Amino acid sequence: MNIGFDPGYGNTKVYGEQGGVVLPSHVAIKQNGHLARMEGLQLRRPPLAVTVGERAFYVGTGAHDWGVPVESLDYARLSGSPEVRATLYAVLSQYQRQHGAIAEPITLMVGLPLGAMGDEQKAIGAEMRGWLTGQHTWQANDADYCVTIAQVLITSQATAALYDYVLGDDGRFLPNRASHLNEEIGVVSVGFNTLELMAIREKRPLARFTGGSKHGVRALLQTMNGGGSYSLGELDDRLRAGLTDGAALELWLSGVSGQIEKQWGDRWRQFAQIIVVGGGALLLRSQLSGYFRGKCHIPDEPVLAVARGMHKLLRLRDGRQLGGGQ
């Protein structure tokens, strides 16, 4: 079974044969006991509770309202930290709830930020393969789950976004887009933690025009958190509910466009297409469409685009191995 896994810092995403699942990457240590119902007040249902061994976590929307927030935003979390395991298990639980139990071994393709794939971070890929490969057992809301990951492949999130654009759901190249692979094409990934830019020509990244910075949605939330009294997860929940600050949004947009100018200058005018993905694409859809003057392509469900692109890449790989791919 092929699954694309995007371990984002804002959302954790998986995409398989039955479609995709998105779960906010908010993690909190579960505490014992709940508040009793009180007349005049409403009580919300607690978030998904994931138990791995002796450790119990809340995962998803509202997790930071129910437990002790866990927020680690460095690349080390990808190497098998408790919180990244909890988010993976939570999103796989949701996938199985929606589409049935995963009974066969999984080939998992993981999308990493560009910063996690540099020379100084080479060990992260090996460590991810180490903890992901094998059998995984956990509980989610007291239901038992078990999956086996037989193979782990790793690519960049920007690469996955590119292939989401040029491939159909069957893993075959789309005739009206495949030719762009022989031209220059740009990818903008506006994630939670980072803003990443990649320029590709003839399926090769152009190092001069490729890089990442800390201008993701996190920068917007930090601007909104004037007194520093909220966790990023709490602020993210507020943002998803439509509560934002116009001045903070404008300041963030200025930082994003400034980084694009710094990395690309006017080179983007030569690109055949510019693909914009990530949660930030939803917030900046109109602004980035205007900035790139009609060259901007924002896919359906841009939050899922990276995980979906990896699933398409796996389909392409299978087709080639069977002699049926292009």
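Above this note sits the structure.
Since the model is a prediction, treat every value here as computed from it, not as a measurement. (Residues numbered from 1 in each chain as written. Predicted model: local features only at pLDDT ≥ 70, side-chain atom pairs only at ≥ 80, totals over all residues. Heavy atoms only, no water.)

Draft legend 1. Summary view of the environment of Lys312. Following the sequence through the fold, Lys312 ends up in helix α10 (residues 305-321). Once the C-alpha coordinates of Lys312 and Arg218 are considered, the two residues, 94 residues apart in sequence, prove to be 29 Å apart. Apart from residues lying up to four places away in sequence, Lys312 is in contact with Tyr163, Asp164, Leu167, Gly168, Asp169 and Gly171. (Helix = DSSP H or I, 4+ residues; strand = E, 2+ residues; numbered from the N terminus. Contact = heavy atoms within 4.5 Å.)

Draft legend 2. A look at the side chain of Glu196. When you line up the elements, Glu196 lands in strand β12 (residues 195-201). Salt bridges are absent for the buried Glu196, whose nearest opposite-charge side chain, Lys214, sits at 9.8 Å. Only 2.7 Å separates the side chain of Glu196 from the backbone nitrogen of Leu114, close enough to count as a polar contact. Not counting residues within four places of it along the chain, the set of residues in contact with Glu196 comprises Pro113, Leu114, Gly115, Gln157, Val187, Val188, Ser189, Gly211 and Gly212. (Buried < 20%, exposed > 50% of the residue type's maximum accessible area, 1.4 Å probe, protein only. Lys, Arg positive; Asp, Glu negative; His and termini not counted. Salt bridge = Lys/Arg side-chain N within 4 Å of Asp/Glu carboxyl O. Polar contact = N/O pair within 3.5 Å; in protein donor to acceptor, adjacent residues only side chain to side chain.)

Draft legend 3. Representation of the sheet that holds strand β3 (residues 19-24) in the model. The strand order across the open sheet formed by ten strands is β3-β2-β1-β8-β10-β9-β5-β6-β4-β7, and the pairing between neighbours is mixed. Here the strands that pair on one side only, and so sit at the sheet edges, are β3 and β7 (68-70). Each adjacent strand pair in this sheet contributes to an overall mean axis angle of 35 degrees, direction not counted. Of the pairings in the sheet, the one linking strand β4 (residues 27-29) to β7 comprises three bridges and is antiparallel in character. Of the residues in β7, the one forming a bridge with Ala28 is Pro69. With respect to the sheet, α10 is in contact with β1 (2-7), β2 (11-16), β8 (106-112) and β10 (143-156), its orientation differing from that of β1 by roughly 150 degrees. (Pairing = 2+ DSSP bridges. Axes fitted to C-alpha atoms, helices over the stretch in contact; angles between N-to-C directions.)

Draft legend 4. Fine view of the pattern of salt bridges. Here the structure, examined in full by the defined rule, presents nine salt bridges. The shortest N-O distance in the salt bridge between Arg267 and Glu184 comes to 2.6 Å. Pair noted here: Arg267 is in the loop between α7 (246-264) and β15 (273-277) and Glu184 is in strand β11 (residues 184-190), with a separation of 83 residues, a long-range link. Where salt bridges share partners, they join Asp164, Glu301, Arg308 and Lys312 into one cluster.

Draft legend 5. A look at the pairing of β12. Among the seven residues of β12, six are classified as buried, and the element is accordingly described as predominantly covered. With seven bridges joining them, β11 and β12 adopt antiparallel strand pairing. Bridge pairing links Val190 to Leu195 in β12. Where β11 hands over to β12, the hairpin turn is made up of four residues, counted between the paired strands. Pairing of β12 with strand β14 (residues 211-213) involves three bridges; the strand directions are antiparallel.

Draft legend 6. Here's a closer look at the packing of helix α5 (residues 217-224) against helix α6 (residues 232-240). Following both chains from N to C, one finds α5 and α6 inclined at 95 degrees, their axes separated by 10 Å at the closest point. Relative to α6, the element α5 is oriented roughly perpendicular. Of the residues in α6, those touching α5 at Val217, Arg218, Leu220, Leu221 and Gln222 are Leu232, Leu235, Asp236 and Leu239. Across the contact of α5 with α6, the residue classes break down as six nonpolar, one polar and two charged. (Parallel < 35°, antiparallel > 145°, perpendicular 65-115°, else oblique. Nonpolar A, V, L, I, M, F, W, Y, C, P; charged D, E, K, R; others polar.)

Draft legend 7. How the structure looks around the packing of aromatic side chains. One pass over the full model with this rule turns up eight aromatic pairs. Three or more aromatic residues link up through ring pairs in this structure, and these residues are Trp264, Trp268, Phe271, Tyr291 and Phe292. (Phe/Tyr/Trp six-rings, centres within 6.5 Å; stacked < 30°, edge-to-face > 60°.)

Draft legend 8. Quick peek at the packing of α5 against α7. Where α5 contacts α7, the axes come no closer than 9 Å and their chain directions differ by 140 degrees. Compared by their axis directions, α5 and α7 come out oblique. Read as a crossing pair, α5 and α7 show a hand that is right-handed. Residues Val217, Ala219, Leu220, Thr223 and Met224 of α5 form the contact with α7, whose participating residues are Ala248, Leu249, Leu251 and Trp252. (Left-handed = near helix turned anticlockwise from the far one by under 90°.)

Draft legend 9. Quick look at unusual backbone geometry. For Glu202, which is not glycine, the phi torsion reads 55 degrees and is therefore positive. Tracing the backbone shows Glu202 in the loop between β12 and β13 (204-205). Unlike most non-glycine residues, Arg293 shows phi in positive territory, near 50 degrees. Within the secondary structure, Arg293 sits in the loop between α9 (285-291) and β16 (296-297).

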